[in-house]
Amino acid sequence: QIQLVESGGGSVQAGGSLRLSCTASGRTFSSTAMGWFRQAPGKGREYVAGISSNGNKTRYGDSVKGRFTISRDNAKNTVYLQMNNLKPEDTAVYYCTAGPAVDYVSDHWGQGTQVTVSS
């Protein structure tokens, strides 16, 4: 079982940046694909980004392409989500996730961290 703990959420004005971090427990991090989802108030969960176990493959949701970057540091058991040019519609609870492949990263979920973007 892998446990995920997110940090780095907060409030920012439109056009600003935030970096989310997710630290994973367990010895299998370097062989696990990681991802980020988000859920805005009153909406379903949305895929944001995914990264393969060795970091050489990444995927992004259409709404964040060109603005968000996912990366990982296997030595630190940590995955990051750099969010630039934030928009009010990016306001959501962001969840760190893990799974067997970059296209399937929803087996395990963190508790979530709130990101609020004001106009």
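Just so it is clear, the structure is predicted and the values come from calculations on it, not from any experiment.

Enquirer: Go over the overall build of the chain, please, and point to the residues and values.
Expert: What the chain contains, in helices and strands, is zero helices and 11 strands. Listing each helix as α and each strand as β along the chain from the N terminus yields β-β-β-β-β-β-β-β-β-β-β. For 119 residues, the compact-globule formula gives about 14 Å, and the C-alpha radius of gyration of the chain, at 13 Å, lands near that figure. If you line up the chain on its principal axes, its C-alpha atoms span 40 × 25 × 25 Å. Going through the 119 residues of the chain one by one, you find that 45% of them count as buried.

Enquirer: Any details on the sheet that holds strand E8 (residues 78–83)? Residues and values, ideally.
Expert: Taken in spatial order, the four strands line up as E1-E3-E8-E7 in an open sheet, and their pairing is antiparallel. Looking along the sheet, the strands with just one partner apiece sit at the ends: strand E1 (4–7) and strand E7 (68–73). Taking each pair of neighbouring strands and ignoring which way they run, the sheet shows an average axis angle of 15 degrees. Of the strand pairs in this sheet, E1 and strand E3 (residues 18–24) are connected by four bridges, and their pairing is antiparallel.

Enquirer: Describe the environment of Met-83, with residues and values.
Expert: You can see Met-83 is positioned in strand E8. Met-83 sits 75 residues away from Gly-8 along the chain, and the two C-alpha atoms are 11 Å apart. Setting aside chain neighbours within four positions, we find Met-83 in contact with Gly-16, Ser-17, Leu-18, Leu-20, Arg-67, Phe-68, Tyr-94 and Val-115.

Enquirer: Now, about the packing of aromatic side chains: what can you tell me, with residues and values included?
Expert: Evaluated as defined, the whole model comprises three aromatic pairs. Their ring planes at 45 degrees and their centres at 4.9 Å tell us that Phe-37 and Trp-109 sit as a pair that is tilted. Of this pair, Phe-37 sits in strand E4 (residues 33–39) while Trp-109 is found in strand E10 (residues 108–109), placing the two residues 72 residues apart along the sequence. Among the residues examined, Phe-37 registers a relative accessible area of 13% and is labelled buried. Judged by its relative accessible area of 30%, Trp-109 is partly exposed. With 5.8 Å between their ring centres and 70 degrees between their planes, Tyr-95 and Trp-109 make a pair best called edge-to-face. Here Tyr-95 is found in strand E9 (residues 92–99), whereas its partner Trp-109 is found in strand E10, with 14 residues between them in sequence. With relative accessibility at 12%, the residue Tyr-95 sits in the buried group. Each member of the aromatic cluster is reached from another via a ring pair, and the members are Phe-37, Tyr-47, Tyr-95 and Trp-109.

Rules behind the numbers
- Residues numbered from 1 in each chain as written.
- Predicted model: local features only at pLDDT ≥ 70, side-chain atom pairs only at ≥ 80, totals over all residues.
- Heavy atoms only, no water.
- Helix = DSSP H or I, 4+ residues; strand = E, 2+ residues; numbered from the N terminus.
- Rg over C-alpha atoms; globule rule 2.2 N^0.38 Å.
- Buried < 20%, exposed > 50% of the residue type's maximum accessible area, 1.4 Å probe, protein only.
- Pairing = 2+ DSSP bridges.
- Axes fitted to C-alpha atoms, helices over the stretch in contact; angles between N-to-C directions.
- Contact = heavy atoms within 4.5 Å.
- Phe/Tyr/Trp six-rings, centres within 6.5 Å; stacked < 30°, edge-to-face > 60°.

Geometry only, nothing functional implied.
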